[in-house]
Amino acid sequence: MAKSAQAPRRRAIPRLLLTGYAGLVYVFLYAPIAMIVLLSFNTADFIGFPIEGLGLVRYREAVASSEVLHAAINSVLLGMAAASIATVLALGLALGFRYRFPLKGVVLQMILVPIVIPAVVGGVVLMVLFGYAEVSPGLWTTVLVAHVNWALPFAFLTLYPRVHRFDRSLEEAAMDLGARPALVLRRVVLPMMRPGIVATFLFSFTLSFDEFVRTLFVIGSDRTIPVLIWTLVIERNSPHLPAVGVLIMAATIVIALIAFVTGERSRSAS
Amino acid sequence: MNSGRDGITALSRRNLLQLAGGAGFVAMTPRLARAQAGNIDVLVPNAILNAPLRGILEKAIGAKVADAPFQSTTDSVSRLMSPGGTSRYDMMISQTEFSKTPILGSGEGKEKVLPLDLAKIPNLAKLSETFRPDVIARNDKTYMIPIFWGFDAVVYNKDVIPETDELTKTWGMIFEDKYAGKIAWFDTAHQMLMAAGLYLGKKKPETMTTAELKEVGDFLISKKKNVRTIYTSFAQCTSLLASGEVACAYSPIPVRVDLEKSGKNVATAWCKEGVLSFSTGAYIPKDAKKPAIALAAIDAMLAEDYASKLTAASGYLSCSTAGTAALSKEEALRLGYGILEGATAHYPLRFPPNISQWVEVWARVKSA
Amino acid sequence: MTAITAANINASREARPRRLEPGALMIVPALLWLVLFGVVPMILLGCMSLWRSTIFGIEMEWNLDNYRTIFSDDVYMRVLAQTLRIALASTVLSLILSYPLAYFLASAKGRKKTALVLLVFLPFWTSYVIRSYVWLPMLGRQGLVNQVLLWLGVVDAPIDWFLFNEGTVYLGLVYVYMLFMTLPIYLSLDRLDPKLVEAANDLGARPAQTFVRVVLPLSMPGVLSGCTMVFLLACGVYVTPQLLGGPSAVMFGNIIASQFLTSNNWALGAALSVILVVLVLGCLYLAGLRWGLQRLFMGAGH
């Protein structure tokens, strides 16, 4: 009894230190973000300090810029396409892994290896492949492949544990009642996996949206958001880059918060 | 995190479809617009499409110009040589010296570019005599036509380095210890080793032997401690000089032009060993999709409308006499045309036969 | 009737165990994709590493020159060693900095917890390029940190050594990959049964002891997952060292990229890529031997 009375006091100081440390980490994470926001209001002709004046001119440029709009649309559409393909493929893999087939270990390596391959090499191998196949670089050809390649292992890793822990008794019960396997899949398995599938889709979308290095090697004259940001920063030193960055971040945050809030509401509703 | 995962299911399928549909519609519109007019894909130093040059060119050829980001001549040639590289762009422009050998291929019939129909390039007559030798041909077929020329030198910040400083007359500014920590180099083997070779007194740096290359490499390694950073793109160089991160840097022309446009107090160091001059030529890859429009573009770039505005907008100088026709003598000199007349020392950026050795030496310098 | 039918079905299933169950065919579409866009390009890369690059493009002559160059010219081996060193240091640094954060997150409760975790995610929704680039205006001579220091009077002149050296690369790598280290550790700690910790404390263990003997070992899957991920990412990183490293922090990713983008030596680039992949797979294999590959990648969830 005495020990547990001392325990809270003994644990208070480490607790305080931990919270203080966490606070410092948050500052570390957000200081650069805050700085970007500050710089986005800079009216100077270059990205960075010193601040010559504060104004919205860069935001006006960013919003009026058609290439920003095109890049954003490209990234969103590409993300959805890549996420869809990756989720479907990963679903097939995850479900298929429940059954027996030869060389399962080899297939597992094949799925996981793309995570391991450095991004530069991942981009380069596709550049080589499409070069020899004489496929012109394009958003819906080469870049889509690069994005699906990158998202697929992660999609599989997200779905597989859920499928692994899946309670097969419901499935077996349906089959015992005479349902064909395809029907069982559609009416029993997939609906039960819906949260996992949606999570996988969103995760894959995020991965595709932020994918940069691989894309750089296989993209032609189109732009996705990360590649556009790269162009603005490295190739053009565009003063409206911080504004673009802030807009993208804000849009992403808003969407994420909407998802979060609707999630909370549906959870409390159900 | 379980709450987060379940919460996400709330995004209904319908919402996603609506979003997709809307976005898809908006995305189609620019594509439709582009498909109507012809447009050509080009890979050229982006500065030559600065306003108002792009507008002038597009009007002259009646098509839109879609330009991919240009990194360097070596990168452009590399793309052309790569598998499938001859169909990616309709027109390319890169340094004549470096590009002429690879694009001609290893022999007759193995060219990577199309022969140019000179009848469609009447403005070729306006080509300045100085650049006639840069018209690259093989057996009566012309493959490459010079469009503009320029020079690399050192650009320095006059607020930090006074114009009276001795080092402003030599390549030594970016090598010697005086401005240690305030120097930036360009990440290219060819240019940097040439500049260092010139500074070390080599009369013909492109003919440097392995031993001489090693000497230059060791020199660069010994001076690397003075370098703040090695940049890879023109815009990075501009940024470094503008923010005061460095006070002097190996700079191509567009850097100086951009800095001057923003009102920065910079100047070119007219190196007595010779600024590195080069001409660039246009060529049409073998499997270009719109060679006719590309030809028209080449012709338009030598015509008066485009050529006379080239220098003011981009800093590069036109190979066509139409470029200086409308300029007064003083203006021409100020913009740099004096180099052609010997008013300023320059050394042509010639292509070394053993370029792969140069690349190795530079790799050694960078990793030291 | 139903029961008999079921029993028959089950009996016949057991009677002839199949090597390939029809349900497994669901993997076929993905398998086709993986072969076409995963295996084939890798094989092509391997072949290319045995060919020769000239200024006219790639000649398909089979030779080992590329590998010979890589192993004899000390440039490449030196950069490889440097890459491994930087990757390892960044991983360790990242682990030290992220673990307490993950612990903090795991020990938070309820709504606050989700909010705190979300706050860690948010910065990673800026683009990767921006997350790397941002350190230039932050640490440069005219950068934010220097301006604050000058304004506070702590220094008289801007500090140079913040930027363009190996230390900056560490900083950049830790920053861009922090989520990859924090998340698995957090998930692992989150699954920890608090009753275990309580039990240890009730049995008289000091907090430090509880941590080392109970918490740390149970969070190992997450730690390994995070470390592996960050190490792999750091080995192949290309943008961050180029932007922040100055004249000396060249990493293998930069060399590979320059072969393809600048030097037009695809064959050498292919050979360098093969070596990097072999190295990385080798490290993974060694890690997998001790800790189990599946646990490594999927361990964070279990």
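Quick caveat: nothing in here was measured; it's all calculated off a predicted structure. Here the residue numbers are simple positions, counted from 1 along each chain's written sequence. Written order determines the labels here, with chains lettered from A and ligands numbered from 1. At least 70 in pLDDT is required for a residue's local features to be given in this predicted model, at least 80 for side-chain atom pairs to be given and counted, and no such filter applies to totals for whole chains, interfaces and linings, which use all residues.

1. Quick word on the overall build of chain B
Counted only if it meets this: Here a helix means four or more residues in a row that DSSP labels H or I, a strand means two or more in a row labelled E, and each is numbered from the N terminus. Counting other C-beta atoms within 10 Å of each residue's C-beta, where C-beta atoms are placed from the backbone, gives the exposure class: buried for 20 or more, exposed for 12 or fewer, partly exposed between.
Within chain B, the secondary structure is distributed over 13 helices and 12 strands. The 368 residues of chain B split such that 52% are buried.

2. So, the overall build of chain C
Threshold: What counts as a contact is two residues whose backbone-derived C-beta atoms lie within 7 Å of each other.
Of the regular secondary structure elements, chain C holds 16 helices and 2 strands. Among the 302 residues that make up chain C, the fraction classed as buried is 46%. Long-range contacts, defined as pairs at least 24 residues apart, comprise 72% of the intrachain contacts of chain C with a sequence gap of at least 6.

3. Thoughts on the nonpolar core
In summary, soluble globular proteins display a tendency toward joint burial of nonpolar side chains. Which entries qualify depends on this criterion: The term nonpolar core means buried Ala, Val, Leu, Ile, Met, Phe, Trp, Tyr and Cys residues held together as one set by C-beta atoms within 7 Å. Where each domain starts and ends follows an automatic or database-derived domain assignment.
In terms of nonpolar packing, the biggest core is built from 284 residues, with A:Ala90, B:Val154, B:Cys248 and B:Ala249 touching the most fellow members. Looking at this core, the element that brings in the most residues is helix α3 (residues 66-96) of chain A, giving 17 residues. A domain-level breakdown of this core finds at least three residues from each of domain 2 (39-149 + 278-341) and domain 3 (150-276 + 350-367) of chain B. Apart from residues no more than four positions distant in its own chain, B:Val154 is found in contact with B:Trp171, B:Met173, B:Ile174, B:Cys248, B:Ala249, B:Tyr250, B:Ser251, B:Ala269 and B:Cys271.

4. Some details on unusual backbone geometry
Following A:Phe49, the chain continues into A:Pro50 via a peptide bond in cis, with omega recorded as 0 degrees. Assignment of secondary structure puts A:Pro50 in the loop between α1 (2-40) and α2 (57-64). Residue B:Ala51 is joined to B:Pro52 through a cis peptide bond whose omega torsion reads 0 degrees. Relative to the assigned elements, B:Pro52 resides in the loop between β1 (39-43) and α3 (53-61). Although it is not a glycine, B:Asp140 adopts a positive phi angle of roughly 70 degrees.

5. Quick word on the interface of chain C and chain B
Interface size, as often reported, equals the accessible area lost upon joining of the parts. The criterion, for reference: Amino acid classes used here: Ala, Val, Leu, Ile, Met, Phe, Trp, Tyr, Cys and Pro are nonpolar; Asp, Glu, Lys and Arg are charged; the rest, including Gly, are polar.
On the chain B side, the residues contacting the 23 residues of chain C number 31 residues. Those elements giving two or more residues to the side of chain C that touches chain B turn out to be α4 (74-106) and α5 (110-121) of chain C. Broken down by element, the side of chain C that touches chain B gets its largest block of residues, 3 residues, from α4(C). Residues that form the side of chain C that touches chain B fall into these classes: 10 nonpolar, 9 polar and 4 charged.

6. What to know about the interface of chain C and chain A
Every contact between the two is made by 72 residues of chain C and, on the other side, 73 residues of chain A. If you tally residues by element for the side of chain C that touches chain A, the top one is helix α2 (residues 28-48) of chain C, at 14 residues. Along the lines of polarity and charge, the residues of the side of chain C that touches chain A split into 53 nonpolar, 15 polar and 4 charged.

7. Comments concerning helix α13 (residues 355-367) of chain B
Stated formally: The length a helix should cover is 1.5 Å for every residue beyond the first.
Relative to the 18 Å expected for 13 residues at 1.5 Å per residue, α13(B) spans 19 Å between its end C-alpha atoms, a close match to the ideal helical length. Of all the positions in α13(B), only B:Trp358, B:Val359, B:Val361, B:Trp362, B:Ala363, B:Val365, B:Lys366 and B:Ser367 are classed as buried. Elements in contact with the buried residues of α13(B): α6 (189-199), α7 (210-223) and β7 (227-231) of chain B together with α4 of chain C.

8. Quick word on the packing of helix α5 (residues 119-132) of chain A against helix α14 (residues 252-261) of chain C
Test applied: Axis angles are defined between N-to-C directions and span 0 to 180 degrees, where every axis is a line fitted to C-alpha atoms and, for a helix, only to the segment in contact. Relative orientations are named as follows: roughly parallel for angles under 35 degrees, roughly antiparallel for angles over 145 degrees, roughly perpendicular for angles from 65 to 115 degrees, and oblique for any other angle. If you view the pair so one helix is near and one far, a crossing is left-handed when the near helix is turned anticlockwise from the far one by less than a right angle, and right-handed when it is turned clockwise.
Between α5(A) and α14(C), the shortest axis-to-axis distance is 10 Å and the interhelical angle comes to 20 degrees. Taken together, the axes of α5(A) and α14(C) are roughly parallel relative to one another. Where α5(A) crosses over α14(C), the two elements pack in a sense that is left-handed. On the side of α5(A), the interface is formed by A:Val120, A:Val121, A:Val124 and A:Met127, while α14(C) contributes C:Gly253, C:Ile256, C:Ala257 and C:Phe260. Considered class by class, the residues forming the contact of α5(A) with α14(C) number 7 nonpolar, 1 polar and no charged.

9. Some remarks on the confidence of the model for chain B
Where we set the bar: pLDDT gives the predictor's per-residue confidence on a scale running from 0 to 100.
Summing up the model confidence of chain B, the mean pLDDT is 85 and the portion of residues at 70 or higher is 90%. Every residue in residues 1-36 of chain B is under pLDDT 50, and counting partners more than four places away or in other chains gives 41 contacts.

10. So, the pairing of strand β2 (residues 64-67) of chain B
Residues and elements named next belong to chain B. Spelled out, the test is: Two strands pair under a simple rule: DSSP has to find at least two bridges between them. Classification remark: right-handed applies to a crossover when, strands pointing away from the viewer, the course from the first strand over the helix to the second runs clockwise.
Pairing geometry for β1 and β2, over 4 bridges, is parallel. Note on β2: the bridge partner recorded for Ile-40 is Val-65. Assessed by its sense of winding, the connection that carries the chain from β1 through α3 to β2 is right-handed.

11. Quick notes on the environment of B:Thr130
Relative to the helices and strands, B:Thr130 is located in the loop between α5 (96-104) and β4 (136-138). Residue classification places B:Thr130 among the partly exposed positions, given that 14 C-beta atoms sit within 10 Å.

12. A few points about the environment of A:Ala34
When you line up the elements, A:Ala34 lands in helix α1. Remark: the alpha-carbon pair of A:Ala34 and A:Thr141, spanning 107 residues in sequence, is separated by 37 Å.

13. Overview of the environment of C:Arg52
Residues and elements named next belong to chain C. Structurally, Arg-52 can be placed in strand β1 (residues 52-54). In this structure, the C-alpha to C-alpha distance between Arg-52 and Tyr-67, residues 15 residues apart in sequence, is 11 Å. What Arg-52 contacts, discounting residues up to four positions off in sequence, is Glu-59, Glu-61, Asn-63, Asp-65 and Ala-267.

14. Observations concerning the confidence of the model for chain C
Confidence in the prediction of chain C, expressed as mean pLDDT, is 84, and 89% of residues score 70 or more. Under the prediction, the complex receives an ipTM of 0.82, its pTM being 0.83.

15. What to know about α5(B)
All names here are of chain B. By the criterion of burial, α5 is predominantly enclosed, with 8 of the 9 residues buried. Those residues of α5 that sit buried are Thr-96, Glu-97, Phe-98, Ser-99, Lys-100, Pro-102, Ile-103 and Leu-104. For α5, the elements touching its buried residues are α4 (73-81), β3 (91-95), β4, β5 (141-157), α6 and β10 (275-283).

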